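Structure assessment
Single-letter residue listing:
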Amino acid sequence: MPRSSASTTDSARSSANGGVQSLERAFDLLERMADAGGEVGLSELSASSGLPLPTIHRLMRTLVACGYVRQQPNRRYALGPRLIRLGESASRLLGTWARPYLARLVEETGETANMALLDGDEIVYVAQVPSKHSMRMFTEVGRRVLPHSTGVGKALLAGFPPDEVRALLNRTGMPAATDKTITTPDGFLAALEDVRRQGYAIDDNEQEIGVRCLAVSVPDSPTAAAISISGPAGRVTESATEKIVPVLQQVAGELSQALATQSPA
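Summarised in this report is the structure supplied together with it. Remember, it's a predicted structure, so these values are computed and weren't measured experimentally.

With that settled, consider the sheet that holds strand 7 (residues 201-204). Remark on secondary structure: sheet strands pair via backbone hydrogen bonds, oriented parallel or antiparallel. Pairing within the open sheet is antiparallel, and its 6 strands lie in the order 6-5-4-9-8-7. Each having just a single partner strand, strand 6 (144-145) and strand 7 make up the two edges of the open sheet. Sheet topology places strand 4 (residues 112-119) next to strand 9 (residues 225-232); 6 bridges connect them, and they run antiparallel. Among the inter-strand pairings, Met115 is bridged to a residue of strand 9, identified as Ile227. Sitting on the sheet, helix 9 (residues 238-261) is in contact with strand 4, strand 8 (211-217) and strand 9, with an inclination near 35° to strand 8.

Below is the structure:
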């Protein structure tokens, strides 16, 4: 891959924790771009990162040459297509790591267990272990849905500032999947307050009539992630919820610790 002499010089310097400084800076810029919606200008990156413009320009030039960033006709920079393959592979691996924990959820709750990520403005399901009941819920791995009608969507967005949630809802719209779906931003923000107060989210016939889902976020996940159980409303009752939620929260905590061990200290 092409490298400028300035980038090579940067790469030769190690940061205090032993990492390669230019790599750390490049990944930091990519994450800042993602946080900004995927497209930014150099001056915005300089203001948010504190790096001088020449340094950012050198790093972005290398990322463009590698295909991880592309320069738009308006001279702004956008995340590039090569990141898609990396993201898809990482999502599959994350789902693989999660499967034993989802299997535990099925054993302890009797209901189908799922893991989902927030990918852009959508929820994508990356892993599932089905219930052993003959009547059970299926969600195809790889399926994408809008977050406002799902338990995992509520669990994930409960950690976002209200203005960011409103902006997302404005971009996606809030179509009704059922007559129980929340279709107003104010109603959804009120539901997120309930999630923060209770420590878990509920999809009560909002995505599919006859189905209830309970979900919690995975603390400190490297990407916004949530796990859930789903089943017929006749089984996932209020009394069942009291027993299932502590199991969900415990498994989410254990999964969080497991994911942390996959990263270097």
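Resuming the write-up.
Turning our attention to unusual backbone geometry. In this structure, Asn205 is a non-glycine residue whose phi angle is positive, near 65°. Among the residues examined, Asn205 registers a relative accessible area of 13% and is labelled buried. Its identity as a non-glycine residue notwithstanding, Asp220 has a phi of 55°, on the positive side. Examined against the element boundaries, Asp220 turns out to sit in the loop between strand 8 and strand 9. Asp220 gets classed as exposed once you look at its relative accessible area, which sits at 75%.

Counted as a void, the second largest pocket has a volume near 280 Å³. Forming the boundary of the second largest pocket are 22 residues, of which Ala155, Leu156, Gly159, Ser217 and Val218 lie nearest the centre. Per-class residue counts for the lining of the second largest pocket are 14 nonpolar, 6 polar and 2 charged.

Restricting attention to buried positions, one finds in helix 7 (residues 162-172) the residues Val165, Leu168 and Leu169. Seen along its axis, helix 7 keeps its buried residues to an arc of 95°; they face one direction. Those residues of helix 7 that are exposed and aimed more than 90 degrees away from the buried face are Asp163, Asn170 and Arg171. Packing partners of the buried residues in helix 7 comprise helix 6 (151-157) and helix 8 (185-198). Positive backbone phi, at 75°, marks Gly173, one or two positions downstream of helix 7.

Summarising the element assignment, Glu111 is placed in the loop between helix 5 (82-109) and strand 4. Apart from the residues lying within four places of it in its own chain, the contact partners of Glu111 are Val106, Ser131, His133, Ile229, Ser230, Gly231, Pro232, Arg235 and Val236.

Time to look at the nonpolar core. Leu102, Leu105, Met115, Leu214, Ile227 and Leu248 are the most contacted members of the largest nonpolar core, which has 29 residues in total. Sorting the residues of this core by element identifies helix 5, strand 4, strand 5 (122-129), strand 8, strand 9 and helix 9 as the ones contributing at least two each. Sorting elements by how many residues they give to this core places helix 9 first, with 9 residues. In contact with Leu214, other than residues within four places in its own chain, are Tyr200, Ala201, Ile202, Ile227, Ser228, Ile229, Val236, Thr241, Ile244, Val245 and Leu248.

Each α-helix winds once per 3.6 residues, and so residues spaced three or four apart point in a common direction. The terminal C-alpha atoms of helix 4 (residues 53-66) lie 20 Å apart, and with 14 residues this matches the ideal 20 Å at 1.5 Å per residue to within 8%. Buried residues of helix 4: Thr55, Ile56, Leu59, Met60, Thr62, Leu63 and Cys66, and no others. Each buried residue of helix 4 sits inside an arc of 160° when the element is viewed along its axis, so together they form one side. The positive-phi residue at the C-terminal boundary of helix 4 is Gly67, with phi of around 90°.

Here we come to the sheet that holds strand 1 (residues 39-40). Sheet architecture is open: 3 strands sit in the order 1-3-2, paired in antiparallel fashion. Across the chains shown, the open sheet's two edge strands, defined by having one partner strand only, are strand 1 and strand 2 (69-71). Relative to strand 3 (residues 77-79), strand 2 is paired through 3 bridges, and the arrangement is antiparallel. Each residue of the ladder has a partner; that of Val69, found in strand 3, is Leu79. Of the strands in this sheet, strand 1, strand 2 and strand 3 are in contact with helix 2 (residues 21-35), which crosses strand 3 at around 90°. Packed on one face of the sheet, helix 4 meets strand 2 and strand 3 and runs near 105° to strand 2.

Definitions and limits used
Residues numbered from 1 in each chain as written. Predicted model: local features only at pLDDT ≥ 70, side-chain atom pairs only at ≥ 80, totals over all residues. Heavy atoms only, no water. Pairing = 2+ DSSP bridges. Helix = DSSP H or I, 4+ residues; strand = E, 2+ residues; numbered from the N terminus. Contact = heavy atoms within 4.5 Å. Axes fitted to C-alpha atoms, helices over the stretch in contact; angles between N-to-C directions. Buried < 20%, exposed > 50% of the residue type's maximum accessible area, 1.4 Å probe, protein only. 1 Å grid on protein atoms, 1.4 Å probe; cavity = no way out; pocket = protein on both sides within 12 Å on 5 of 7 lines; lining within 4 Å. Points joined across faces, edges and corners; volume = space filled by probe spheres on them. Nonpolar A, V, L, I, M, F, W, Y, C, P; charged D, E, K, R; others polar. Arc of directions from axis to C-beta. Core = buried A, V, L, I, M, F, W, Y, C linked by side-chain atoms within 4.5 Å. Expected span 1.5 Å × (residues − 1).

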